[in-house]
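Analysis of the macromolecular model
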Amino acid sequence: MAGRKLLVLFGSQTGTAQDTAERIGREAKRRHFQCRVEALDSYDVANLINELLVVFVCATTGQGDPPDNMKVFWRFLFRKNLLPGSLCRLDFAVLGLGDSSYPKFNFVAKKLHKRVLQLGGNALLPVALGDDQHDLGPDAVIDPWLLTLWDRILALYPLPPGLEVISPDTRLPPKYTLHYITEDSPHPDASLLQPAAPRAAPSELHPFAARMVSNQRVTAQSHFQDVRLIEFDVTGSGMMFSAGDVVMIQPQNCPEVVQQFCQLLRLDPDRHFVLKPTEPGTSLPALLPQPCTIRHLVTHYLDISCVPRRSFFELLSSFSTNQLEQEKLQEFSSAQGQEELYSYCNRPRRTTLEALWDFPHTTCAIPPEYLLELIPRIRPRAFSIASSMLAHPQRIQILMAVVRYRTRLSKPRRGLCSTWLASLNPEQGDVRVPLWVKKGGMKFPADPDTPVIMIGPGTGVAPFRAAIQERVAQGRAGNCLFFGCRQKSQDFYCQAEWEELVTKGFLTLFTAFSRDQEDKVYVQHRIRENQRLVWELLSSRNAHIYLAG
């Protein structure tokens, strides 16, 4: 057994690649491999030369970019000084997750596969190109690819004599065991498990609890969409940012939803527990305190409002004692049942909590220690920063549309983060929001004479508000903004601010109010009408064009 080790490394932005990596980890355990599943940036990449068997699972984001949690690994892998044969001992496979509606479809997976080959790695099979656009999603590619992968791996590392592949009907042990403790019992490892964080820049593991200063609706009360301009005080955080950067916000579930979940699973929200890894070498979830209450776990960690994935139904079926429910759950987790699952879950955007309501017998039989494998953690949300430090020192502002829409389900769908933020009222006491900043994809020109053409319909105008504030504070003119919305009287964000800058000569503004006349007018019509000016700025003055929406 000593040599049967598999490492699964993932780069994930939205959680799909992580979910797939964990699936491979479970399948490896069923084949009696010692298996570690890690994010690429948590792994010490210098150890890669010692690995014998690795499966990489990676998503492609934006315009062919690697996900945030593999950027360090990516830079290391493409260093010029790595020797061509340095990975000659490595058998590997690459599984990509992408979207074929983008030009750089699965670019990261293809490039990774090519680079590991260059460094001497031996590919067990061609790179898999999972596609979100496929009717059955990425699983249409992943399912058959994994069957072939296990055939190849078992040919290299046969099962030890007397051992069989563990049947899918047998539930694997949980990743962690959950131990309830009395509220006043001292927890021996509490101080060890939570090392005092050095005063580093705020990050996902150590966010800054920013005070919300204001939460102002900027659309008319009669307008169908609620859009907020929200301001946070970040005094003492040490955070620095410039126009084009992003603020990451860690949302939480609302108390009513938390209460419903606890009632449904018959959990006491005030009970304290500690987690212990089932296998040595498994690290505890970094964002959960030890000890922790059930309420904290459900409020801050478990994403009970996300649309559940196939793996959720697979694990859920193993707890079921009700034949009807179990058959339905097994269908949802089978390759053949994916169309059915799509119309049950994805199309109507049914939440995890709503799915649990539909399987009551199974839900009340869920052992609490499996919750962390059953339900993914709440992911942070990214917002373009809509203000400049030069205009608003020690403040961060965001322009946020509250997500609310209808599907065939009776209750309207609501965005987790925007609904939570919109519900907070800083006038009723001290309101804190965990956040940190991240470099954005937009860089504005360093040369003060370079004009900037910005096209920002709707809340897409947020990063341009930051840029215009920054450039005005630096005394730069040459700011040209095309802004579009539905109606001047309903959703013309920051109207007074733009008009003041136009009067002062800092801004050239073109507006398109699509519903204010019979024929719809959009920003592209205004660009065409002003083609002479746009061409003049581009051809003679080397203007930069930015688009956000």
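Note that this is a predicted model, so its numbers are computed, not measured. (Residues numbered from 1 in each chain as written. Predicted model: local features only at pLDDT ≥ 70, side-chain atom pairs only at ≥ 80, totals over all residues. Heavy atoms only, no water.)

**Quick word on the overall build of the protein**
- A tally of regular secondary structure across the protein gives 19 helices and 21 strands.
- In terms of its C-alpha atoms, the protein occupies a principal-axis envelope of roughly 85 × 55 × 50 Å.
- Burial analysis of the protein (549 residues in total) assigns 49% to the buried set.
- The long-range share in the protein, meaning contacts at least 24 apart out of those at least 6 apart in sequence, stands at 76%.
- Total accessible area computed for the protein in this model is approximately 27,300 Å², and 52% of it derives from carbon and sulfur atoms.
- With 61 positive and 56 negative side-chain charges, the protein shows a separation of 4 Å between the mean positions of the two kinds. (Helix = DSSP H or I, 4+ residues; strand = E, 2+ residues; numbered from the N terminus. Buried < 20%, exposed > 50% of the residue type's maximum accessible area, 1.4 Å probe, protein only. Contact = heavy atoms within 4.5 Å. Areas by Shrake-Rupley, 256 points an atom, 1.4 Å probe, with all protein chains shown as cover. Lys, Arg positive; Asp, Glu negative; His and termini not counted. Charge placed at Lys NZ, Arg CZ, Asp CG, Glu CD.)

**Some points on the UniProt feature "domain: Flavodoxin-like" (unreviewed entry) in the protein**
- Per the UniProt record, "domain: Flavodoxin-like" (unreviewed entry) is found at residues 6-150.
- Annotated as residues 6-150, this span is 32% helix and 23% strand, and its ends, taken at the C-alpha atoms, are 12 Å apart. (UniProt positions renumbered as here; feature names shortened; annotations may be inferred.)

**Considering the packing of aromatic side chains**
- Under the defined criterion, the tally for this structure stands at 15 aromatic pairs.
- Between the aromatic rings of F332 and Y344, the centroid separation amounts to 4.9 Å while the plane-to-plane angle is 20 degrees, which identifies the pairing as stacked. With a gap of twelve residues between them, F332 in helix α9 (residues 323-332) and Y344 in helix α10 (residues 338-346) connect regions that are remote in the sequence. An identical accessibility class is assigned to F332 and Y344; each is buried.
- Looking at R4, its charged tip hangs above the ring of F33, at a distance of 3.9 Å from the centre.
- The aromatic ring of F78 is capped on one face by K111, whose charged end is 5.0 Å from the ring centroid. (Phe/Tyr/Trp six-rings, centres within 6.5 Å; stacked < 30°, edge-to-face > 60°. Lys NZ or Arg CZ within 6 Å of the ring centre and 35° of its normal.)

**Observations concerning the side chain of D131**
- Along the chain, the position of D131 falls in strand β6 (residues 128-131).
- Buried charge D131 goes without a salt bridge, the closest partner of opposite sign being K110 at 10 Å.
- Among the polar contacts listed, one links the side chain of D131 to the backbone nitrogen of Q133, at a separation of 2.9 Å.
- For D131, the residues in contact, after removing those within four places along its chain, are G98, D99, S100, F105, G137 and P138. (Salt bridge = Lys/Arg side-chain N within 4 Å of Asp/Glu carboxyl O. Polar contact = N/O pair within 3.5 Å; in protein donor to acceptor, adjacent residues only side chain to side chain.)

**With respect to the packing of helix α8 (residues 310-317) against α9**
- Between α8 and α9, the least distance of the axes is 8 Å, while the angle of their chain directions is 145 degrees. As for how α8 packs across α9, the hand of that crossing is left-handed. Contact residues: α8 offers R310, F313, L316 and S317, while α9 offers Q326, L329, Q330 and F332.
- For the contact of α8 with α9, the residue count by class is four nonpolar, three polar and one charged. (Axes fitted to C-alpha atoms, helices over the stretch in contact; angles between N-to-C directions. Left-handed = near helix turned anticlockwise from the far one by under 90°. Nonpolar A, V, L, I, M, F, W, Y, C, P; charged D, E, K, R; others polar.)

**Things to note about the domain arrangement of the protein**
- Considered domain by domain, the protein is made up of domain 1 (5-156), domain 2 (257-374) and domain 3 (452-547).
- The centre of domain 2, based on its C-alpha atoms, is set 46 Å off from the matching centre of domain 3. (Domains from an automatic or database assignment.)

**Here's the deal with the pairing of strand β3 (residues 53-59)**
- Counting buried positions along β3 yields seven of seven residues, so the element is predominantly enclosed.
- Burial along β3 is two-sided: L53, V55, V57 and A59 and V54, F56 and C58, pointing in opposite directions, are all buried.
- Relative to β3, strand β1 (residues 5-11) runs parallel, the two sharing five bridges. Residue pairing in the sheet places L9 in a bridge with F56 of β3.
- In this region the chain leaves β3, passes through helix α2 (residues 71-77) and returns to the parallel neighbour strand β4 (residues 91-98); the handedness of that crossover is right-handed. (Pairing = 2+ DSSP bridges. Right-handed = clockwise from strand over helix to strand, strands pointing away.)

**Quick look at the nonpolar core**
- With 39 residues, the main nonpolar core has F261, L297, L302, F313 and L371 as its most contacted residues.
- If near-sequence neighbours (up to four positions away) are discounted, F313 is found in contact with P308, L329, F332, S333, L341, Y344, C345, A355 and F359.
- Core analysis: the second largest hydrophobic core is formed by 28 residues, A462, F483, L501 and Y546 among them. (Core = buried A, V, L, I, M, F, W, Y, C linked by side-chain atoms within 4.5 Å.)

**Describing the pattern of salt bridges**
- Evaluated as defined, the whole model comprises 26 salt bridges.
- Across the salt bridge formed by E231 and R395, the nearest N and O atoms sit 3.5 Å from each other. Placement of the pair is E231 in strand β9 (residues 227-233) and R395 in strand β14 (residues 395-401), with a sequence separation of 164 residues.
- Assessed through its relative accessible area of 22%, R395 is described here as partly exposed.
- With its nearest N and O atoms 3.1 Å apart, the salt bridge here joins D430 to R432.

**As for the environment of Q323**
- With respect to the element layout, Q323 can be found in helix α9.
- Judged by relative accessible area, Q323 falls into the exposed class, the value being 58%.
- Taking C-alpha positions, Q323 is 9.9 Å from H361, a pair spaced 38 residues apart along the chain.

**Quick notes on α9**
- If you check which residues of α9 are buried, you get E325, L329 and F332. One face of α9 carries all of its buried residues, which in axial projection span an arc of 60 degrees. Exposed positions of α9 whose direction lies more than 90 degrees from the buried face are Q323 and L324.
- In this fold, the buried residues of α9 make contact with α8, α10 and α12 (360-363).
- Near the N-terminus of α9, the side chain that reaches the backbone nitrogen of L324, with its oxygen 3.2 Å away, is that of N322. (Arc of directions from axis to C-beta.)

**Overview of the side chain of R228**
- Along the chain, the position of R228 falls in strand β9.
- By relative accessible area, R228 is classed as buried at 14%.
- Among the polar contacts listed, one links the side chain of R228 to the side chain of N215, at a separation of 3.0 Å.
- Dropping the residues within four chain positions of it, R228 is found in contact with N215, Q216, R217, V218, I398, L399, M400, V402 and A422.

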